[in-house]
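# Geometric and topological summary
These are the residues of each chain, in order.
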Amino acid sequence: MYAWRMAELTMDRRQIAQRGKRLEYFTIAWNTVEGLVAVIAGAFAGSISLVGFGIDSFIEVVSGVAVLWRMSVDADIHDRQKNEKLSLKIVGSCFIALAVYIGYESITGLISRKVPESSLAGIILAIVALVVMPLLSRAKKARRK
């Protein structure tokens, strides 16, 4: 009875991991597209916040790759913990770099009194993200219960 239950749990864990990987691949693809659109639209509009949004999307791509990397050694607790620490350092460094960029660009924009233009692409991206991100979040939470 015990061996049967363990085999069932192993299979369930494997299915959950496969679903998690598929969702993570979708997240990486979405954030790549989102980041490209935001950075390009933000550069054309001169919008620090839109470029920052795009860079944040790329940081989420790095985070997603780190999650996949961590999942690749899920069974080995030592490697898992080592990957987790390194992943946190990489993602944390990315966020610090983003904060420095936004701070620098904001200060220089204020000093030069530079006003960004509006961006139709940025507005459409924000609307699409408002639909996609909650759905993706819900899909990721579905199997945690």
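In this text the structure is predicted, and so the values were computed from the model without any measurement. (Residues numbered from 1 in each chain as written. Predicted model: local features only at pLDDT ≥ 70, side-chain atom pairs only at ≥ 80, totals over all residues. Heavy atoms only, no water.)

## Describing the overall build of the protein
The helix and strand tally for the protein stands at four helices and zero strands. When its helices and strands are written in sequence order, the protein yields α-α-α-α. Out of the 145 residues belonging to the protein, those deemed buried represent 26%. For the protein, contacts bridging at least 24 residues in sequence account for 72% of all contacts bridging at least 6. Working note: accessible area of the protein is about 10100 Å², and carbon and sulfur atoms make up 69% of it. (Helix = DSSP H or I, 4+ residues; strand = E, 2+ residues; numbered from the N terminus. Buried < 20%, exposed > 50% of the residue type's maximum accessible area, 1.4 Å probe, protein only. Contact = heavy atoms within 4.5 Å. Areas by Shrake-Rupley, 256 points an atom, 1.4 Å probe, with all protein chains shown as cover.)

## Digging into the pattern of salt bridges
Taken as a whole, this structure holds one salt bridge when the rule is applied. The closest approach of N and O atoms between glutamate 24 and lysine 140, which form a salt bridge, is 3.4 Å. Within this pair, whereas glutamate 24 is found in helix 1 (residues 2–45), its partner lysine 140 is found in helix 4 (residues 120–141), the two being separated by 116 residues in sequence. For glutamate 24, a relative accessible area of 10% corresponds to the buried category. (Salt bridge = Lys/Arg side-chain N within 4 Å of Asp/Glu carboxyl O.)

## Things to note about the environment of serine 49
Relative to the assigned elements, serine 49 resides in helix 2 (residues 48–71). When the C-alpha atoms of serine 49 and valine 39 are compared, they prove to be 9.6 Å apart, with 10 residues separating the residues in sequence. Of note is the side chain of serine 49, whose polar atom sits 3.2 Å from the side chain of serine 47. (Polar contact = N/O pair within 3.5 Å; in protein donor to acceptor, adjacent residues only side chain to side chain.)

That's the geometry; what it means functionally is another story.
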